[in-house]
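# Per-entry structural report
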Amino acid sequence: LGATGPIGPTGADGSNGTNGATGPTGPTGPTGNNGTNGSNGATGATGPTGPTGTTGPTGSTGPTGATGAQGGAITIQYTFSTTTTDADPGNGFLRLSSATQNTSTTIRTDLLDSASTDWSAVLATFADSTNTVKGHIRLFKTFDSTKWLVFTVSAVASPSGYNNITVANVGSSAASPFANGDPITLTFERAGDVGAPGGPTGPTGPTGDTGATGATGPTGATGATGPTGPTGPTGATGATGPTGPTGPNNTVTSFATAIPVDNTSTLSFSSQTTRNVVYFQIPFSITVNQVSFYTSTVTTSGTAKVCVYSANGATKHIDVTTATISATGVISTAVSSVALSPGAYYAAIGCGSACSLTVVSAPVEGTSTMFGAGTPASKPIWHGTVTHASGACDATLGTITGGTGRTPAFRLDN
């Protein structure tokens, strides 16, 4: 083939073709901007009322109001005082006669109550009943009625400015339920007067017929044994047995604490508290029924005290007081059968009442005091003085102060 020739000139436009079929709808375009708001519409009609809601919870209880005044026939307000003396308790005060309140026998009330109201005329009527018990008083703490006392009333006295009401306690919440300054309420209930005696006693009715005898009851329990009868007469004395062998003599019927060589050796005393003491020994048993000494001078009449103690001073065996000594001579005084065993003892003498006496004594130590003031340390002192209660001998001898004077001399007799 030969080469392609050049392109010829463009031909004239052809006539329009027929319209093709409509294509499918394209996608939605983007939303346009909001338009301006329209004007408000007219208000609609009111809708129907909704149902009632449920009831809310109950609120808390408010505080209790103040207690009202106590009821009763007579009611008086006081302030309690713990003072118990018999005196005007002061305006508006009430007191009792005992610190243990339910043992009180008197209530002391002022004529004015705690609000200064005068109750004198009313208080004076508390004993008007002709009954022995005039009425009842109840006292209680005004704002705590668990604290109370109840009394019967028997009398009313009216000192200046107050009343003394005689009472007897018949009940209480405690022995002493009230404190000083407590507000107290007094209530009084009057007892009625004693009624008029009844009419005369009616005649005694006729004796009724005797009833039939009842069946015999069971035998009672045996009674207690009666008291022992009197002792029968003493039987005849039996024949005397043979005499036994003679035993050693270990008992004496008389003994002296010291034997004065003459009556120029003397001891004087005038104190009711100082006792002159002497140490002595008994070699045999003796039952003492009498104590004696010799008075050589009586300056002031009076009684003397004589006592005997054990060697350790812990036991008092004899304690006697003489009759009043007004003359010289032997003075003997009875003793209630005191048994003394062999051993060492102390005797003491002094005034039982106011006195001034001189008695015969044992001789004094000549050139030493080794038995009295000069006694070796920690050893028994044989003569000296002790101090006792006035006019008495103490239960124990006590501490002896060694002396240099003479020692008392006594007889002890059966």
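These numbers come from a predicted model, not from an experiment.

### Concerning the overall build of the protein
Of the regular secondary structure elements, the protein holds one helix and 20 strands. The buried share of the protein, reckoned over its 414 residues, is 30%. Partitioning the contacts of the protein with sequence separation of at least 6, the portion at a separation of at least 24 is 71%.

### Some details on the sheet that holds strand β2 (residues 93–96)
The seven strands are arranged β1-β2-β3-β6-β5-β4-β7 in a closed barrel whose pairing can be described as mixed. The sheet shows a mean angle of 40 degrees between the axes of neighbouring strands, taken without regard to direction. Bridge analysis of strand β4 (residues 135–141) against strand β7 (residues 183–190) gives seven bridges, and the strand direction is antiparallel. Along β7, the bridge assignment pairs Arg138 with Thr187.

### Quick notes on unusual backbone geometry
A positive phi is found at Ser116, a non-glycine position, where the angle reads about 70 degrees. Tracing the sequence through the fold places Ser116 in the loop between β3 (106–110) and α1 (120–123). Overall, the relative accessible area of 54% leaves Ser116 in the exposed class. Here the phi dihedral of Ser378 falls at roughly 65 degrees; this positive angle occurs in a residue that is not glycine. The exposure class assigned to Ser378 is exposed, which follows from its relative accessible area of 80%.

### Digging into the state of the cysteines
Under the counting rule described, the total for this entry stands at two disulfides. Between the sulfur of Cys307 and that of Cys393 lies a disulfide, 2.1 Å long from S to S. Between Cys307 and Cys393 the disulfide shows an S-S torsion of about 100 degrees. By sign, it is right-handed. With Cys307 in strand β12 (residues 304–310) and Cys393 in the loop between β17 (383–387) and β18 (401–402), this residue pair connects regions lying 86 residues apart in the sequence. Exposure remark for Cys393: the relative accessible area of 6% places this residue in the buried category. Two residues share a disulfide in this structure: Cys351 and Cys355, whose sulfurs sit 1.9 Å from each other. Residues Cys351 and Cys355 are joined by a disulfide whose S-S torsion is about -85 degrees; by sign, that bridge is left-handed. The exposure class of Cys351 is buried, given its relative accessible area of 0%.

### Structural notes on the sheet that holds β17
Hydrogen bonds between backbone groups are what pair the strands of a sheet, and the pairing can be parallel or antiparallel. The strand order across the open sheet formed by six strands is β13-β12-β15-β10-β17-β18, and the pairing between neighbours is antiparallel. Sheet topology places β13 (316–321) and β18 at the edges, where each strand pairs with a single neighbour.

### What about the pattern of salt bridges?
Think of it this way: side chains of opposite charge can pair up when their charged atoms draw near. Here the structure, examined in full by the defined rule, presents six salt bridges. Note that Arg108 is salt-bridged to Asp86, the shortest N-O span being 3.3 Å. Note that Arg108 is positioned in strand β3 and Asp86 in the loop between β1 (74–81) and β2, a separation of 22 residues in sequence. You can call Arg108 buried: its relative accessible area is 7%. The class for Asp86 is partly exposed, based on a relative accessible area of 48%. The shortest N-O distance in the salt bridge between Asp413 and Arg411 comes to 2.8 Å. You can call Asp413 buried: its relative accessible area is 11%.

### Thoughts on the pairing of strand β16 (residues 356–362)
Buried residues dominate β16, accounting for seven of its seven residues. Pairing between strand β9 (residues 266–269) and β16: four bridges, direction antiparallel. Residue pairing for β16: Ser268 is matched across the bridge by Thr358. Where strand β11 (residues 286–300) meets β16, four bridges bridge the pair, whose relative direction is antiparallel. Directly across from Val298, in β16, lies its bridge partner Leu357. In terms of strand pairing, β16 meets strand β19 (residues 407–408) through two bridges, oriented antiparallel. What sits directly across from Ala362, in β19, is Thr407.

### Considerations on the side chain of Thr106
When you line up the elements, Thr106 lands in strand β3. What Thr106 contacts, discounting residues up to four positions off in sequence, is Arg95, Leu96, Ser97, Asn164, Ile165 and Val167.

Quick notes on the rules
Each residue is numbered by its place in its chain's sequence as written, counting from 1. Only residues with pLDDT of at least 70 are given local features in this predicted model, and only at 80 or more are side-chain atom pairs given and counted; all residues enter the totals for whole chains, interfaces and linings. Calculation of side-chain values draws on the structure's entire complement of heavy atoms; hydrogens and water are dropped beforehand. Think of it this way: any DSSP run of H or I at least four residues long counts as a helix, any run of E at least two long counts as a strand, and we number them from the N terminus. Only protein chains enter the accessibility calculation, which uses a 1.4 Å probe; a residue whose area is less than 20% of its type maximum is buried, one above 50% is exposed, and one in between is partly exposed. Between two residues, a contact is recorded if the distance between any of their heavy atoms is within 4.5 Å. Whether two strands pair depends on DSSP finding at least two bridges between them. All axes here are fitted lines through C-alpha atoms, helices being fitted over the stretch that makes contact, and every angle between N-to-C directions spans 0 to 180 degrees. When two cysteine sulfur atoms are found within 2.5 Å, that pair is recorded as a disulfide. Counted as salt bridges are all cases of a side-chain nitrogen of Lys or Arg within 4 Å of a carboxyl oxygen of Asp or Glu.

Geometry only, nothing functional implied.
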